[in-house]
Amino acid sequence: MKYVLIIGAKSELGIELALLYAKNKYNLYLAGRSIDSIKNKADRIAKENNVQITLHELDITNLNSHQEFYDSLNIKPIGIIYAAGYTPKQSEALLNWKETSNTINVNYIGAISILNIAVLEFQKSQRGFIVGITSVAGLRGRGENYIYGSAKAGFMTYLNGLRNSLSKYNINVLTVIPGLIKSRKGSQYNLPEFLYVKPKILANSIFRSQQSNRSIIYSGLAWRVIMFIIKIIPDFIFKRMSI
Ligand SMILES: NC(=O)c1ccc[n+]([C@@H]2O[C@H](COP(=O)([O-])OP(=O)(O)OC[C@H]3O[C@@H](n4cnc5c(N)ncnc54)[C@H](OP(=O)(O)O)[C@@H]3O)[C@@H](O)[C@H]2O)c1
């Protein structure tokens, strides 16, 4: 019985991923805060696809609970998708350490804490996959979102290292670098439609890429090009730009 663990499963992206893995006959552990709120959806997906889905309460910022949480999974997952994220209003995060600390804990420290535990199991069984959802914000620090961006950058570097260290165990690590997701949070920016990806489309792309053992994917060609340009702008120009 193959199980996939999705952390941050309540998001629209998390639900689309759950649906896709269920359709492909993976059983699921769906984890997050107040996770019972998706019980009806989870039950429907399980029934329609004839798979097992269980819900697991997990606040990823509660690092002390991670070992117990992982131990409580009777059959260890063959794959883990870390989709939890928190984007603060940077102006608020600069005034309120709790906001900054929550951003770092959800996007970086929580991810590392839980994945460090899981990786030990993966190494023993010499199989498995890890998918981490990061952000283009982590590719170059920008004045508008460098607190969130630096946490995602840390997560990206962790995933890079993990991919390198786990390849000899036959374990693939996929880094997903979305631009903007057409979700509750992503929709708040007033930007052209082509810069957004729908959760369902992104979930499809993640599933295909994970199944074919890819290493890094963006949420679309446009963002790949945009970030290539942003990364090569010399610092003496970049620091004067407001982007
Ligand atoms: N939206 C975008 O445009 C965009 C762009 C680039 C990257 N991303 C990344 O893509 C992923 C999905 O984003 P989204 O926009 O779909 O956001 P979202 O709906 O807010 O999803 C974030 C998920 O993380 C969970 N989460 C937050 N704090 C948590 C905690 N302490 N413990 C456990 N779970 C927690 C949320 O659960 P709660 O409902 O309990 O808060 C939610 O399920 C995130 O990693 C995000 O950073 C998003």
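So, a few notes on the structure that sits alongside this text. (Residues numbered from 1 in each chain as written. Predicted model: local features only at pLDDT ≥ 70, side-chain atom pairs only at ≥ 80, totals over all residues. Heavy atoms only, no water.)

### Regarding the sheet that holds strand E5 (residues 129-133)
Taken in spatial order, the seven strands make up an open sheet running E3-E2-E1-E4-E5-E6-E9, and their pairing is parallel. Pairing within the sheet leaves two strands with one partner each, and these edge strands are strand E3 (53-57) and strand E9 (216-218). The mean inter-strand angle of the sheet, taken between neighbouring strand axes irrespective of direction, is 15°. Pairing geometry for E5 and strand E6 (residues 172-177), over five bridges, is parallel. By the bridge assignment, isoleucine 130 is partnered in E6 with valine 173. The sheet strands contacting helix H2 (residues 39-49) are strand E2 (27-32) and E3, and the helix crosses E3 at an angle near 155°. (Pairing = 2+ DSSP bridges. Helix = DSSP H or I, 4+ residues; strand = E, 2+ residues; numbered from the N terminus. Axes fitted to C-alpha atoms, helices over the stretch in contact; angles between N-to-C directions. Contact = heavy atoms within 4.5 Å.)

### Regarding unusual backbone geometry
Look at serine 34: it is not a glycine, yet its phi comes out positive at around 45°. When you line up the elements, serine 34 lands in the loop between E2 and H2. The backbone of asparagine 50 shows a phi angle near 55°, a positive value even though the residue is not glycine. Its location among the elements puts asparagine 50 in the loop between H2 and E3. We classify asparagine 50 as exposed; its relative accessible area is 69%. (Buried < 20%, exposed > 50% of the residue type's maximum accessible area, 1.4 Å probe, protein only.)

### Some remarks on the packing of helix H1 (residues 12-23) against helix H7 (residues 199-211)
Packing of H1 against H7 leaves a shortest axis separation of 8 Å and a crossing angle of 50°. The orientation of H1 with respect to H7, classified from their angle, is oblique. Our pair here, H1 against H7, has a crossing hand that is right-handed. Of the residues in H7, those in contact with Glu12, Leu13, Glu16, Leu17, Leu20 and Tyr21 of H1 are Pro199, Lys200, Leu202, Ala203, Asn204, Ile206, Phe207, Gln210 and Gln211. (Parallel < 35°, antiparallel > 145°, perpendicular 65-115°, else oblique. Left-handed = near helix turned anticlockwise from the far one by under 90°.)

### Re the nonpolar core
Counting residues in each nonpolar core, the largest one holds 35 residues, and the members touching the most others are Val4, Ile6, Tyr21, Leu28, Leu30 and Ile206. Elements supplying a minimum of two residues to this core: strand E1 (3-7), H1, E2, H2, E5, E6 and H7. Top contributing element to this core by residue count: H1, with seven residues. Those residues within four positions of isoleucine 206 in sequence are excluded, and the remaining contacts are Leu13, Leu17, Val131, Ile133, Leu174, Val176 and Ile217. (Core = buried A, V, L, I, M, F, W, Y, C linked by side-chain atoms within 4.5 Å.)

### So, the packing of aromatic side chains
Within the structure shown, the criterion is met by five aromatic pairs. Measuring from ring centre to ring centre gives 4.3 Å for tyrosine 3 and tyrosine 29, while their planes differ by 15°; the resulting arrangement is stacked. Note that tyrosine 3 is positioned in strand E1 and tyrosine 29 in strand E2, a separation of 26 residues in sequence. Of the two residues, tyrosine 3 and tyrosine 29, both sit in the buried class. An angle of 70° between the planes, with centres 5.5 Å apart, marks the rings of tyrosine 82 and phenylalanine 155 as edge-to-face. Note that tyrosine 82 is positioned in strand E4 (residues 79-82) and phenylalanine 155 in helix H6 (residues 146-166), a separation of 73 residues in sequence. (Phe/Tyr/Trp six-rings, centres within 6.5 Å; stacked < 30°, edge-to-face > 60°.)

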